[in-house]
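# Coordinate analysis (summary)
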Amino acid sequence: MTQDTVSPPTQSSDQWSELEALLPPPPLPIGSYVATVQVGNLLHTSGVLPMKEGQVAVSGAVGSWDVSVAEGQEAARLCLLNALSLVRHALGSLDRIKRIVKLTGFVSSAPNFYEQPQVMNAASDLLVEYFGEAGKHVRSAVGVASLPKNAAVEVELVVEVV
Amino acid sequence: MTQDTVSPPTQSSDQWSELEALLPPPPLPIGSYVATVQVGNLLHTSGVLPMKEGQVAVSGAVGSWDVSVAEGQEAARLCLLNALSLVRHALGSLDRIKRIVKLTGFVSSAPNFYEQPQVMNAASDLLVEYFGEAGKHVRSAVGVASLPKNAAVEVELVVEVV
Amino acid sequence: MTQDTVSPPTQSSDQWSELEALLPPPPLPIGSYVATVQVGNLLHTSGVLPMKEGQVAVSGAVGSWDVSVAEGQEAARLCLLNALSLVRHALGSLDRIKRIVKLTGFVSSAPNFYEQPQVMNAASDLLVEYFGEAGKHVRSAVGVASLPKNAAVEVELVVEVV
C-alpha cells in the first residue's frame, strides 16, 4: 500500500463552502418514493421542485403574465440547489461527486413560450460555476402543461459518484 | 464453494402470487421499438399506458370534468401493473427484481391541475406494498399536454435485476 | 495474441455510408451543458431539436392546422439524425454503437392530438432500418405543451457503446 491511498482527497471540502451555504435543507419526499437511489456509481434524484423554506417559491407557468423568464431562472436555480442538497444528504459530502451526468428540466410553460433553454441555463451555469469541467452535463429542457403544486420548474439530476 | 451458493433463493416465487394475479398480459409494442431493454443490471421499460384487455382503460386529462383524481390513480396503477408484466415477461420471474430504481409518471393534465403526485402515489404505494424496501424508488411526476391514445397516464420503469 | 485481435472489425464503416450521408453537422450546444456524456458504456445525448442547416426545420404543435403528422414524422427523423450526428462526433464512428438503448420523444402537441407514437415511429423505424436488431430500443413518446425554439419534436438518445 502506498501513501497515496491514505492521503487526503485532493478536493477539499472547503471548496464547497460557498455552494453549501446556498443549499436548503434536503426536500425529502413524504411517501413511497425516496429522494435518491444509487445504482452502481450513478446517483439518481427524484423530481425536485423550487422549494424555499418548505414552500414552492416560484409557481405558475413561465412566460405568462405572472412568471417572467427571470423568475423561471430563479426557479431553475432553486430546483438545482434542492437537488444538490439531496445529493449531499445521500453522499455525505459534495466531494463524492465525480461528475454531473444529466439534468432534465421540465418547465411549466405558457402557450407560445419557447425559451425553456434560457430558463434552464440558470441551473446549468450554476453547475459549471461550482463544478467546472465535472459540472458539464447533458440536458433536456421541455415545456410541460403543469407541475406538482403549480411549481414553475421541476428538475431531475443524475450524478456520477466516487 | 459453500452450500449457500446452491441453496434456493430466499425469495420464493410464492410471494408474488397475489401480485401476479393482478398482472395483465404484457402489452408488447408493435413496431420498431421493444418493450424492454436490459443493459448491465438495469432493465428499462418503454413508456406504458393504462391498458386493460387490450384497450386504454382510462383516457382524458386528469382533473378535467371527465377524469377524477381517483380515476387518474386507477390509471397509474394500471400502467404500473402493465409495466411489471413487461418486466416479468423479460426476466421470467419477478424474483429477479433486485430493486425498483426509478418510476417516471407523465400525467395528462387539465389546465390548473397540480396533483400529479397524488395520482402517481397510487403506483408508488403499490411498489412498496409488494416489494418493501426494494420497492422504494426515485420518481418524477409531471403534467403533460396529451398522451398516446388519449391515455390519462404513461409510466416508465427502471429496475435493477439479479 | 491471436490473429482475431488484429483482424478488421466485422462491421465495416462502409455499411454506414448511406446513413452518414444523411447526417447533419453535429448540433453542438452553446452554453454550460454538453452534447453527450458517456458514463461506463452508455452514451447519453442532450435533448436534440429537428435542426437543418442551423435552423429548427419543423416548428409548431403537431396536429394543429400548421403541422401535420407527416411533418411531425419529418421532425422526428431530423431529430434522430441530429442525435446520431452527435453520437458519431463523440465516438468517432458509428461502428462503436453496440446497441440503441432508449429513445425518448417529446412531441409538441395540439389539444386533442394523441398520435405521438405515429410521429415517433419515423425515428424508431429509421433506427431499425440502419442498425437492425441492435437498433431495437425502448421508447417513450409524450405530448408536451411547447419545446425550445417552438420545435415540433425533441428527442433524447441513450446508446450502448463498445
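Residues numbered from 1 in each chain as written. Chains lettered and ligands numbered in written order. Predicted model: local features only at pLDDT ≥ 70, side-chain atom pairs only at ≥ 80, totals over all residues. Heavy atoms only, no water.

## As for the overall build of chain A
Test applied: Secondary structure elements are defined from DSSP: runs of H or I of at least 4 residues count as helices, runs of E of at least 2 residues count as strands, and each element is numbered from the N terminus. Burial classification: accessible surface area is computed with a 1.4 Å probe over protein chains only, and a residue below 20% of its type maximum counts as buried, one above 50% as exposed, and the rest as partly exposed. In what follows, a contact means two residues having at least one pair of non-hydrogen atoms within 4.5 Å.
A tally of helices and strands in chain A yields 3 helices and 7 strands. Secondary structure of chain A in N-to-C order comes out as α-β-β-β-β-α-β-α-β-β. Per-residue burial over chain A gives 56% buried out of 162 residues. The contacts in chain A between residues at least 6 apart in sequence include a share of 80% that link residues at least 24 apart.

## Quick look at the nonpolar core
Inside soluble globular proteins, nonpolar side chains tend to come together where they are buried. Residue and element names in this part refer to chain A. To be explicit about the condition: To qualify as a nonpolar core, a set must consist of buried Ala, Val, Leu, Ile, Met, Phe, Trp, Tyr and Cys residues joined through side-chain atoms within 4.5 Å.
Ranked by size, the top nonpolar core spans 42 residues in total, and within it Leu 19, Leu 84, Ile 97, Met 120, Phe 131, Val 153 and Leu 157 carry the most contacts. Where this core is concerned, the elements lending two or more residues are α2 (69-91), β5 (97-108), α3 (116-131) and β7 (153-161). Once residues lying within four places of it in the same chain are set aside, the contact partners of Leu 157 are Leu 43, His 44, Thr 45, Leu 80, Ala 83, Leu 84, Val 87, Ile 100, Lys 102, Leu 103 and Leu 127.

## A look at unusual backbone geometry
At A:Asn150, a position not held by glycine, the phi torsion is positive, near 60°. Mapped onto the elements, A:Asn150 comes out in the loop between β6 (138-144) and β7.

## Overview of the relation of the copies chain A and chain B
This is how the line gets drawn: The atoms used to superpose the copies are C-alpha atoms, taken from residues with pLDDT of at least 70 in both, and the fit is least squares.
Superposition of chain A onto chain B requires a rotation of 120° combined with a translation of 0.0 Å along the rotation axis, giving an RMSD of 0.0 Å. Taken together, the rotation and translation relating the two chain copies correspond to the operation of a three-fold axis.

## Re the sheet that holds β7(A)
Residue and element names in this part refer to chain A. So the rule is basically this: One requirement defines pairing of two strands: DSSP has to find at least two bridges between them. Lines are fitted to the C-alpha atoms to define the axes, a helix being fitted only along its stretch in contact, and any angle between axes, read from their N-to-C directions, falls within 0 to 180 degrees.
Judged by pairing direction, the sheet is mixed, and its 5 strands sit side by side in the order β1-β2-β7-β5-β6 without closing on themselves. Lying at the two open borders of the sheet, with one neighbouring strand each, are β1 (36-39) and β6. In this sheet, neighbouring strand axes are inclined to one another by 15° on average, regardless of whether the strands run parallel or antiparallel. Relative to the sheet, α2 contacts β1, β2 (42-45), β5 and β7, its axis offset from that of β7 by approximately 35°.

## Regarding helix α2 (residues 69-91) of chain B
Definition in use: How far a helix is expected to stretch is found by multiplying one less than its residue total by 1.5 Å.
The end-to-end C-alpha separation of α2(B) is 33 Å, in line with the 33 Å expected for 23 residues at 1.5 Å each. Remark: B:Gly92 follows α2(B) within two positions and exhibits a positive phi of approximately 90°.

## Quick word on helix α3 (residues 116-131) of chain B
All names here are of chain B. Which entries qualify depends on this criterion: For a residue, the bend is simply the angle between two axes, fitted respectively to the seven-residue segment ending there and the seven-residue segment starting there.
Taking 1.5 Å per residue as the helical rise, α3 with its 16 residues ought to reach 22 Å, and the 23 Å between its terminal C-alpha atoms agrees with that figure. Residue Ala 122 marks the point of greatest curvature in α3, where the axis turns by about 30°. Within α3, the full set of buried residues consists of Gln 116, Val 119, Met 120, Ala 122, Ala 123, Ser 124, Leu 126, Leu 127, Tyr 130 and Phe 131. Packing partners of the buried residues in α3 comprise α1 (17-22), α2, β5 (97-108), β6 (138-144) and β7 (153-161). Just beyond α3, the residue with positive phi is Gly 132, at close to 60°.

## Let's talk about the pairing of strand β1 (residues 36-39) of chain C
Bridge analysis of β1(C) against strand β2 (residues 42-45) of chain C gives 4 bridges, and the strand direction is antiparallel. Residue pairing in the sheet places C:Val39 in a bridge with C:Leu42 of β2(C).

## Notes on the interface of chain C and chain B
Applied cut-off: The quantity reported as buried area is the accessible area (1.4 Å probe) lost by two parts once they are put together, taken as the sum for both. Criterion for a salt bridge: a side-chain nitrogen of Lys or Arg within 4 Å of a carboxyl oxygen of Asp or Glu.
Taken together, the contacts link 26 residues of chain C with 21 residues of chain B. Together, the buried faces of chain C and chain B total about 1,900 Å²; carbon and sulfur atoms form 59% of this surface. Among the residues chain C hides against chain B, the three largest losses belong to C:Tyr114, C:Val138 and C:Arg139. Together they make up 28% of the total. The interface formed by chain C and chain B holds 1 salt bridge in total. Close ionic contact of C:Lys102 with B:Glu156 constitutes a salt bridge, the shortest N to O distance being 2.7 Å.

## What about the confidence of the model for chain A?
Residue and element names in this part refer to chain A. Here is the rule we go by: Looking at any residue, its pLDDT shows the predictor's confidence there, from 0 to 100.
For chain A, per-residue confidence averages 90 on the pLDDT scale, and 91% of positions sit at 70 or higher. Low pLDDT, under 50, characterises residues 1-12; the predicted model gives this stretch 5 contacts beyond four residues in sequence or across chains. Complex prediction metrics read pTM 0.90 and ipTM 0.89.

## A closer look at the relation of the copies chain C and chain B
Two copies of the chain are present, and they differ by a rotation about an axis and a shift along that axis. Here chain C sits on chain B after a turn of 120° about the axis and a move of 0.0 Å along it, with an RMSD of 0.0 Å. A share of only 12% of interface residues in chain C that are also interface residues in chain B marks the association as one of differing surfaces.

## Observations regarding the sheet that holds strand β2 (residues 42-45) of chain B
Residues and elements named next belong to chain B. Taking strand neighbours across the sheet as the criterion, the 5 strands line up as β1-β2-β7-β5-β6 in an open arrangement whose pairing is mixed. Across the chains shown, the open sheet's two edge strands, defined by having one partner strand only, are β1 (36-39) and β6. Pairwise comparison of adjacent strand axes, ignoring direction, gives a mean angle of 15° for this sheet. Running over the sheet, α2 touches β1, β2, β5 and β7 and is turned about 35° from β7. Seen against the sheet, α3 touches β5, β6 and β7 and runs at an angle of roughly 160° to β5.

## A closer look at the interface of chain A and chain B
Operational definition: Polar contact is the term for a pair of N or O atoms within 3.5 Å; when the atoms are in protein, one must be able to donate a hydrogen and the other to accept it, and sequence-neighboring residues count only if both atoms are side-chain atoms.
Each partner contributes residues to the interface: chain A has 21 residues there, and chain B has 26 residues. Roughly 1,900 Å² is buried in total at the junction of chain A and chain B, and carbon and sulfur atoms are behind 59% of that figure. Joining chain A to chain B, the criterion identifies 1 salt bridge. Linking chain A with chain B are 13 residue pairs in polar contact (both at pLDDT 80 or more). Secondary structure elements with two or more residues in the side of chain A that touches chain B: β1, β2 and β7 of chain A. Considering each element in turn, the side of chain A that touches chain B owes the most residues, 3 residues, to β1(A).

## Some thoughts on the side chain of C:Ser140
When you line up the elements, C:Ser140 lands in strand β6 (residues 138-144). A polar contact of 3.1 Å, which involves the side chain of C:Ser140, links it to the backbone nitrogen of B:Gly47.

## Side note on the pairing of β6(C)
Residues and elements named next belong to chain C. Most of β6 sits inside the fold, with 7 of its 7 residues counted as buried. In this structure, strand β5 (residues 97-108) lies alongside β6, joined through 7 bridges in parallel fashion. In the sheet register, Lys 102 faces β6, and the bridge partner there is Val 138.

## So, the packing of α2(B) against α3(B)
Residue and element names in this part refer to chain B. Selection criterion: Orientation is classified from the angle alone, with under 35 degrees giving roughly parallel, over 145 giving roughly antiparallel, 65 to 115 giving roughly perpendicular, and any other angle giving oblique. By convention, the crossing between two helices is left-handed when the near helix turns anticlockwise from the far helix through less than a right angle, and right-handed when the turn is clockwise. The classification used treats Ala, Val, Leu, Ile, Met, Phe, Trp, Tyr, Cys and Pro as nonpolar, Asp, Glu, Lys and Arg as charged, and all other residues, Gly among them, as polar.
Between α2 and α3, the least distance of the axes is 7 Å, while the angle of their chain directions is 45°. Classed by the angle they form, the pair α2 and α3 counts as oblique. α3 is crossed by α2, and the crossing has right-handed handedness. Residue-level contacts link Val 69, Gly 72, Gln 73, Ala 76, Arg 77, Leu 80, Leu 81 and Leu 84 of α2 to Gln 118, Val 119, Met 120, Ala 122, Ala 123, Leu 126, Leu 127 and Phe 131 of α3. Residues of the contact of α2 with α3, tallied by class, amount to 12 nonpolar, 3 polar and 1 charged.

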